Amino acid sequence: MSSLRAHDVGVVLPAGWDGRISVRRDGATDTLVSATGTKVFAARSHPVVHLANFGLPQDRGDFGSGAVELMGDADIFVVLFEHEPASAQTALFRADGMPRVLEPREFDPSNLRRGIAGQSGYQAFFHEQARAFCLYVVLGAHARRARLVPTLNRVLATVTISPQTAR
Amino acid sequence: MTALVVVLAVVVALLVVLVAGLLRSHAEILRALHDAGLGHEQDGEATEIPARTGSRTGVAPSSPTKGPSPDATDVSGVDLDGDAVAIGILGNPVPTLLAFLSSGCLTCREFWEEFGNPGLAVPGDARLVVVTMSPEDENVSALRRLASPSTTMVMSTPAWAAYEVAGSPYFVYADGMSGAVVGEGTATNWARVSEMVTESVDDGALDGARRSVAARTARAARRHSADREREARADDALLNAGIAPGDPRLYPATGGPDAAGSVQPDPDTP
């Protein structure tokens with residue numbers, strides 16, 4: 001079992017699971033003023049969490065391109081993608097709290113960002129701790145969702161989101 | 001003139017004694033280091049590493065240790081940007097080759113260069129993961145120059161401790177299906193690592209580890225099945241005797257399941 005915590009997001013992974021909590025540097029720019037008075041423009045960083053019960057490749061996109069192609073029937077891939085905190089007030093993210101108990105019937109191949117035959121997907125937008133997130137899950141086989149979702153739920157139950165601290 | 005010769009002779013004699021003392025002291029230090037099992041990196045040779053099993057005074061095995069030692073563990077730490085990383089090994093059907101490297105070890109340089117090759121063939125159909133010590137124990141800026149962005153890397157001093165790695169380079173071939181370290185050891189080049197892993201697989205260590213786990217699982221399943229059958233036979237015998245679940249005769253000390261919760265502990269019982 002591995003505990004991962006970074007960027008005010010934490011998760012406890014079962015044995016054999018890969019995980020990364022990294023940051024993207026593609027947010028809106030902040031203007032900072034250095035000690036010498038020089039203006040510095042820095043992109044705001046937003047975390048992206050990748051969890052998988054298979055080996056995550058080093059080169060992969062935020063929503064799993066490069067990884068989902070490698071998935072087998074029993075594989076699960078989870079993305080927790082943070083958006084600008086201001087988005088938390090918008091209608092898209094009005095759901096309060098991350099869904100931590102999913103149902104097999106909530107998975108559908110049409111939810112996939114990359115329609116790989118046989119796979120199934122789930123996507124939800126929500127806010128938690130004044131932060132806006134998208135939860136995206138890919139199952140290796142739609143036909144096995146009843147067996148895979150309980151395993152997924154055990155991982156989702158361990159996800160903690162704290163108020164964002166200054167970065 | 002005679003006096004000068006005598007003085008010079010005395011000085012030379014003193015110098016001879018001093019040099020002899022220094023040589024003896026040096027020899028004692030070398031002997032102590034050897035006894036402590038510490039190696040000496042020279043001419044591209046790998047640092048000597050004690051074997052996993054046995055005393056820590058041994059020399060690194062020239063080939064991986066044979067036979068499963070069931071102590072593979074998942075690895076977690078950070079990457080060069082300080083982001084959190086977890087590498088799942090246990091239960092993974094793809095074996096993992098952990099390469100314990102450091103920025104300061106000369107022998108490691110060859111491996112850092114090899115791992116920059118995107119077409120690198122990893123032996124034993126394994127997934128290659130480079131493990132360095134944590135940022136506080138490593139030179140992060142040097143690692144940035146050495147590490148290939150295409151190689152999976154985790155910085156984790158606890159992983160070095162968990163796998164009992166005493167020096168670098170060191171390689172561990174772990175099988176997630178059995179949870180066993182199938183082979184491990186040090187080498188001076190990638191070709192030798194490939195040989196070591198291939199030998200481990202060819203020697204049947206991987207299959208042996210998996211057979212051992214399968215046998216253990218089968219035994220546990222048989223034991224579980226036998227327990228259930230025994231329980232069912234006992235239930236049948238009780239029912240045939242007219243004793244159903246909740247029958248007070250099953251609770252002679254308390255008089256029944258409902259009363260059982262109200263029994264006060266004997267104050268004389270420790």
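Attention in this report is confined to the structure presented alongside it. (Residues numbered from 1 in each chain as written. Chains lettered and ligands numbered in written order. Predicted model: local features only at pLDDT ≥ 70, side-chain atom pairs only at ≥ 80, totals over all residues.)

As for the interface of chain A and chain B
- Across the boundary between the two partners, chain A contributes 18 residues, which contact 19 residues of chain B.
- Secondary-structure elements contributing two or more residues to the side of chain A that touches chain B are β1 (2-6) and β3 (18-24) of chain A.
- With six residues, β3 of chain A is the single largest residue contributor to the side of chain A that touches chain B.
- Classifying every residue of the side of chain A that touches chain B gives seven nonpolar, seven polar and four charged. (Contact = placed C-beta atoms within 7 Å. Helix = DSSP H or I, 4+ residues; strand = E, 2+ residues; numbered from the N terminus. Nonpolar A, V, L, I, M, F, W, Y, C, P; charged D, E, K, R; others polar.)

Here's the deal with the sheet that holds strand β10 (residues 160-161) of chain A
Residue and element names in this part refer to chain A.
- Within the open sheet, the three strands sit side by side as β1-β2-β10. Their pairing is antiparallel. Looking at the sheet topology across the chains shown, the edges are occupied by β1 and β10.
- In this sheet, strand β2 (residues 9-13) lies alongside β1 in antiparallel orientation, the contact comprising five bridges. Looking across to β2, one finds that Ala 6 is bridged to Val 9. (Pairing = 2+ DSSP bridges.)

Some details on helix α1 (residues 145-156) of chain A
Residue and element names in this part refer to chain A.
- Here α1 spans 15 Å end to end across 12 residues, near enough to the 16 Å set by a 1.5 Å rise per residue.
- Among the residues of α1, Arg 145, Leu 148, Val 149, Leu 152, Val 155 and Leu 156 are the ones counted as buried. Buried residues in α1, looked at end-on, bunch into an arc of 115°, giving them a common side. For α1, exposure combined with an orientation more than 90 degrees from the buried face picks out Ala 146, Pro 150 and Arg 154.
- On its buried face, α1 sits against β2, β6 (46-52), β7 (76-83), β8 (120-128) and β9 (131-139). (Expected span 1.5 Å × (residues − 1). Buried ≥ 20, exposed ≤ 12 C-beta atoms within 10 Å, placed from the backbone. Arc of directions from axis to C-beta.)

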